[in-house]
Amino acid sequence: MELPSSSRMDQVAAALRQISEGFAALADAISADPAEVPAESRYRSLISEWGARGLTRSEASALFRKHGFSPQVAGGWARGDWLEIRDDGLRYLTDRSFHWLAEQGASDDPQPHD
């Protein structure tokens, strides 16, 4: 039996991530409290507040909590290339985060720095 190619495995992994996101969105939709701020709005607020500055681990955790997310979400964001830990030990949002925010039509888009 021949194993699937690396590119094929990458495609399967990407498809599984999309399915997972769809299930999460569905679960949110059926269990959402109408009074609760939607996750998309909280993501926009978090990214806007974070901006281009670097945060320590505890600062990033506090910001995630402030916007209603578990601090462990940061690990998923790092794996998904939404944030990175640079040589200075601080956490920075990546271009992917800023592009997403721009696509959402945010009026006060922060600009990442190199």
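For the structure itself, consult the block above.
About the thresholds
Residues numbered from 1 in each chain as written. Predicted model: local features only at pLDDT ≥ 70, side-chain atom pairs only at ≥ 80, totals over all residues. Heavy atoms only, no water. Helix = DSSP H or I, 4+ residues; strand = E, 2+ residues; numbered from the N terminus. Contact = heavy atoms within 4.5 Å. Core = buried A, V, L, I, M, F, W, Y, C linked by side-chain atoms within 4.5 Å. Buried < 20%, exposed > 50% of the residue type's maximum accessible area, 1.4 Å probe, protein only. Lys, Arg positive; Asp, Glu negative; His and termini not counted. Salt bridge = Lys/Arg side-chain N within 4 Å of Asp/Glu carboxyl O. Polar contact = N/O pair within 3.5 Å; in protein donor to acceptor, adjacent residues only side chain to side chain.

Asks: Is there a simple way to explain the environment of Pro-71 in this structure?
Replies: Considering the arrangement of structural elements, one finds Pro-71 in the loop between α3 (57-66) and α4 (73-79). Residues Pro-71 and Ser-61 lie 10 residues apart in sequence; the distance between their C-alpha atoms is 4.6 Å. When near neighbours in sequence (up to four residues on either side) are disregarded, Pro-71 contacts Ser-61, Phe-64 and Arg-65.

Asks: Looking at this structure, how should I read the nonpolar core?
Replies: One recurring pattern in soluble globular proteins is that nonpolar side chains are buried together. Counting residues in hydrophobic clusters, the biggest one holds 14 residues, and the most contacted among them are Leu-46, Ile-47, Trp-50, Phe-64, Trp-77, Leu-83 and Leu-93. Among the elements of the structure, α2 (39-50), α3 and α5 (95-103) are those that each provide at least two residues to this core. Apart from the residues lying within four places of it in its own chain, the contact partners of Phe-64 are Leu-46, Trp-50, Phe-69, Ser-70, Pro-71, Val-73, Ala-74, Trp-77 and Leu-83.

Asks: Please explain the side chain of Arg-91 as it appears in this structure.
Replies: Looking at the secondary structure, you find Arg-91 in strand β2 (residues 91-93). Buried and unpaired, Arg-91 has no salt bridge, with Asp-88 as the nearest side chain of opposite charge at 7.6 Å. Among the polar contacts made by the side chain of Arg-91, one reaches the main-chain carbonyl oxygen of Gly-89 at a distance of 2.9 Å. In this structure, Arg-91 is in contact with Trp-50, Arg-53, Gly-54, Leu-55, Thr-56, Arg-57, Ala-60, Leu-83, Glu-84 and Ile-85, ignoring residues within four places of it in sequence.

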